[in-house]
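# Geometric and topological summary
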Amino acid sequence: MNAASTSTGGLLAGRQRIATVFLAFAVAYFFSTLVRAITATLSPTLTAEFELESRDLGLLAGGYFLGFAFTQLPMGTWLDRYGPKRVIVCFLSVAIIGCLLFSAATSFPVLLAARVLTGVGVSACLMAPLTGYRRWLTPPMQLRSNSWMLMVGSFGLVGATLPVQWLMPLLGWRPLFWLLAAGVLVSMALIAWAAPAWHAGQEANQESEQKPGGYAAVWRDPFFRKLAPVGFFNYGGFVAMQTLWVVPWLTRVAGYTPQEAAGALFWISIALLATYWLWGVTNPKLAHRGIPATRLLSWGMPLAMLALALILLAGSTAGTVAWIGFLCISTVVTLAQPAVALALPPALAGRALSAYNLVVFAGVFVVQWGIGLLIDLFARAGLDTVGSFRAALAVFLGCCVMSYTYYLWAPPHNRRVVPRPA
């Protein structure tokens, strides 16, 4: 008897059962974040081998998130209709093709196409389990599981730093993607064995019949609209910094060697891992005490923006510690995702999460590529490397301030109080 056969289609019973399902999806998410962040560690090697400029590097890293964005809307409908297991297994097969194509690329266009394809393939690795958790777990457990999935993602970010740097002289960068493809294949098998079956309830069926496209109720939702700019700039920018621009800043602005930058990224990822674990422990307790995610967002985002402003003021003296401070504080924006899921009906969970993920990863793509374009633009205008980076990130900071302002002072029709978890 496999693990899936014990599912009742409702709330999962027993800690061991919950842990088994969580770990199966966690393995896939680990590899998705590892392949997401590996371009940051490999950026010096790829820049030299393919003669990339800043805008090319930003486009290459952003291509992964562009692939994410392509799939979010149809994927949300498929998740609600067919369930997490069937959807994620199909998508991961595309990720394997993308990894193998990336390892064989000899030109930038092929490299970019493989990156987009990989993004498509792993685009369900977080949305699939979160959709399942909306039905399988209680609200406090949903908040905890969301934070701990992100903690697992930080393990993937750790794996993309020093371990990759250590393996590079032994294997070269291309065989690393063969290993990633093999890991994704293992995760597919684990999910096929462990994930519960999906039983589309009457409510979900009625929802689909009444709303063929499935997304009108999500786009019209006032709480969703209130958080959309935050998702695009603040959340998307947080991921963009973490998965790309930290390393170019450290190597080109702060003067780190590639080895030192990989070590810095390792410690940044360890700090993020600990932060996500702490969120997982405290979120349910805060919710029970009447402190909702929206209030934490209101408190935390100004601190994150202040930390980024201090990095810009420090310039070349801003190193590992400064970026740890900014990124760890910025994790508060990840609370927006489960808040959106809890604010909408369970039958819309997959679509709500995927729609918000589309906003986030469209933001990641725009910020990653946009910062690269701005760095090159400011350099052509006569600024030195440090000045170009500072000016580009100052534009990004301004966008974050505007999105936060909208979040605070959205029109009355765009306000909603999120239900307090039971």
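Right above here is the structure, for reference.
So, a few notes on the structure that sits alongside this text. Keep in mind that this is a model prediction, so the values were computed, not measured. (Residues numbered from 1 in each chain as written. Predicted model: local features only at pLDDT ≥ 70, side-chain atom pairs only at ≥ 80, totals over all residues. Heavy atoms only, no water.)

Before going further, it helps to examine the overall build of the protein chain. Looking only at helices and strands, the protein chain features 17 helices and zero strands. Against the compact-globule benchmark of 22 Å for 422 residues, the protein chain has a radius of gyration of 21 Å, which places it among compact chains. With the C-alpha coordinates aligned to their principal axes, the bounding extent of the protein chain is approximately 60 × 50 × 35 Å. The burial tally for the protein chain puts 60% of its 422 residues in the buried class. Excluding contacts between residues fewer than 6 apart, the proportion of contacts in the protein chain whose partners are at least 24 apart in sequence is 86%. (Helix = DSSP H or I, 4+ residues; strand = E, 2+ residues; numbered from the N terminus. Rg over C-alpha atoms; globule rule 2.2 N^0.38 Å. Buried < 20%, exposed > 50% of the residue type's maximum accessible area, 1.4 Å probe, protein only. Contact = heavy atoms within 4.5 Å.)

Turning our eyes to something else, we now look at helix 11 (residues 222-253). Approximately 55 degrees is the largest bend angle found in helix 11, and it occurs at Trp245, with the proline Pro248 only one to four residues beyond. Across the 32 residues that make up helix 11, a large majority, 26, are buried. At the N-terminal end of helix 11, a side-chain oxygen is found 3.1 Å from the backbone nitrogen of Phe223, two or three residues along, and the residue is Asp221. One or two steps after helix 11, the chain reaches Gly255, where phi turns positive at roughly 80 degrees. (Bend = angle between axes of the 7 residues up to and from the residue. Polar contact = N/O pair within 3.5 Å; in protein donor to acceptor, adjacent residues only side chain to side chain.)

Membership of the largest hydrophobic core comes to 144 residues, with the highest contact counts inside it found for Phe25, Met241 and Trp323. At 17 residues, helix 11 tops the list of elements feeding residues into this core. Ignoring anything within four residues of it in the chain, the contact list for Phe25 reads Pro84, Ile88, Ala128, Pro129, Tyr133, Trp136, Met149, Ile191 and Ala195. (Core = buried A, V, L, I, M, F, W, Y, C linked by side-chain atoms within 4.5 Å.)

This part covers the packing of helix 1 (residues 15-50) against helix 5 (residues 127-136). Angle between the axes and distance between the axes: these two values describe a pair of packed helices. Contact geometry of helix 1 with helix 5 gives a least axis separation of 10 Å together with a crossing angle of 165 degrees. In terms of orientation, helix 1 lies roughly antiparallel with respect to helix 5. Note on packing geometry: the crossing formed by helix 1 with helix 5 is left-handed. Contact with helix 1, carried on its side by Val21, Phe22 and Phe25, involves Ala128, Pro129, Tyr133 and Trp136 of helix 5 and no other residues of that element. Partitioned by chemical class, the residues of the contact of helix 1 with helix 5 number seven nonpolar, no polar and no charged. (Axes fitted to C-alpha atoms, helices over the stretch in contact; angles between N-to-C directions. Parallel < 35°, antiparallel > 145°, perpendicular 65-115°, else oblique. Left-handed = near helix turned anticlockwise from the far one by under 90°. Nonpolar A, V, L, I, M, F, W, Y, C, P; charged D, E, K, R; others polar.)

Moving on, we get to the pattern of salt bridges. For the coordinates displayed, the defined rule picks out five salt bridges. Among the salt bridges present, the one from Glu53 reaches Arg55, with a minimum N-O distance of 2.6 Å. Residue classification places Glu53 among the partly exposed residues on the basis of a relative accessible area of 37%. One network of salt bridges, with partners in common, ties together Glu53, Arg55, Asp376 and Arg380. (Salt bridge = Lys/Arg side-chain N within 4 Å of Asp/Glu carboxyl O.)

With that out of the way, let us pick up the environment of Val340. With respect to the helices and strands, the residue Val340 is situated in helix 15 (residues 336-343). By relative accessible area, Val340 is classed as buried at 0%. Sequence separation of Val340 and Phe224 is 116 residues, and the distance between their C-alpha atoms is 6.4 Å. Aside from chain neighbours lying at most four places away, what touches Val340 is Phe223, Phe224, Leu227, Ala352 and Tyr356.

Attention now goes to a nonpolar patch on the surface. A surface patch of nonpolar side chains, amounting to about 380 Å² of accessible area, comprises Leu167, Leu170, Leu171 and Leu179. It is helix 7 (residues 162-171) that contributes the most residues to the nonpolar patch, three residues altogether. With respect to the helices and strands, the residue Leu167 is situated in helix 7. (Patch = residues over 30% accessible without salt bridge, like charges linked within 9 Å, V, L, I, M, F, W, Y side chains within 5 Å. Areas by Shrake-Rupley, 256 points an atom, 1.4 Å probe, with all protein chains shown as cover.)

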